[in-house]
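# Commentary on secondary and tertiary structure
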Amino acid sequence: VNILQLRYTRDGRDPSTDAPYARVDGGIAGPDIGISLAWTTPWRWLTIIGGNWGPRGAAANWPEDGPQRYANISGLVFTQAIEVGALIRPHPRFAFSLSGGPLLNINRLKYAFDFGAYANQILGNNTFPHEDPTLEGCNSILLIGWSAVFSLGLWAQPVDGWTLGASIRLPTDPTLHG
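The following refers to the structure shown. (Residues numbered from 1 in each chain as written. Predicted model: local features only at pLDDT ≥ 70, side-chain atom pairs only at ≥ 80, totals over all residues. Heavy atoms only, no water.)

## Here we look at a nonpolar patch on the surface
Among the surface-exposed residues, Ile35, Leu37, Trp39, Ile48 and Val84 lie close enough to one another that they form a single nonpolar patch of about 460 Å² accessible area. Sort the elements by how many residues they give to the nonpolar patch and strand E3 (residues 34-40) lands first, with three residues. Along the chain, Ile35 falls in strand E3. What makes Ile35 partly exposed here is its relative accessible area of 49%. (Patch = residues over 30% accessible without salt bridge, like charges linked within 9 Å, V, L, I, M, F, W, Y side chains within 5 Å. Areas by Shrake-Rupley, 256 points an atom, 1.4 Å probe, with all protein chains shown as cover. Salt bridge = Lys/Arg side-chain N within 4 Å of Asp/Glu carboxyl O. Helix = DSSP H or I, 4+ residues; strand = E, 2+ residues; numbered from the N terminus. Buried < 20%, exposed > 50% of the residue type's maximum accessible area, 1.4 Å probe, protein only.)

Here is the structure:
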């Protein structure tokens, strides 16, 4: 699990209270979950492989009235894949693998939108217009979808006790619904 702690204080003063902005604390946890399995076959050169993995994941929850609300109030990015394939070993010191399977994508985002900042802006004069809490709204998005992922891998053992490996994952773009 990757954990990132965030803390900041916005410059300036809250226009509705004339007090300094409060400090905002938050954290993001990103799970990296993976399981690998291998099944031998009657053929020494072939192994069936499978597993699941999460290439990325992140979540954050912030105060709904915090200064960060225009970027993020809460969010979740979650992806998990299940793959099955074959490891082919044409030589005892060299192997390659091919695998594929479904990839689940879940994206959830909630953030504030200050309609008043755009309505009250004077073009060419005010790059950062003042906030207008009376014209603030909230956007919530939930998207869920599936796609396919394919993986290719190589490994070599040039000398005993030393193995080199490389892999590439080729995901396809998900079709998200929400």
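## Side note on the environment of Ile144
Examined against the element boundaries, Ile144 turns out to sit in strand E8 (residues 136-159). Remark: the alpha-carbon pair of Ile144 and Thr79, spanning 65 residues in sequence, is separated by 10.0 Å. With sequence-adjacent residues up to four places away left out, Ile144 is seen in contact with Leu104, Asn105, Ile106, Thr175, Leu176 and His177. (Contact = heavy atoms within 4.5 Å.)

## Thoughts on the pattern of salt bridges
For the structure shown, the criterion picks out two salt bridges. Between Asp160 and Arg93 there is a salt bridge, with the nearest N and O atoms lying 2.7 Å from each other. In this pair, Asp160 is assigned in the loop between E8 and strand E9 (162-171) and Arg93 in the loop between strand E6 (74-91) and strand E7 (94-114), connecting sequence segments 67 residues apart.

## With respect to the pairing of E7
Bridging between E6 and E7 involves 14 bridges; their strand directions are antiparallel. Each residue of the ladder has a partner; that of Ile88, found in E7, is Phe96. The hairpin formed by E6 and E7 contains two residues between the paired strands. Relative to E8, E7 runs antiparallel, the two sharing 21 bridges. When the sheet's bridge partners are listed, Leu103 is paired in E8 with Ser147. (Pairing = 2+ DSSP bridges.)

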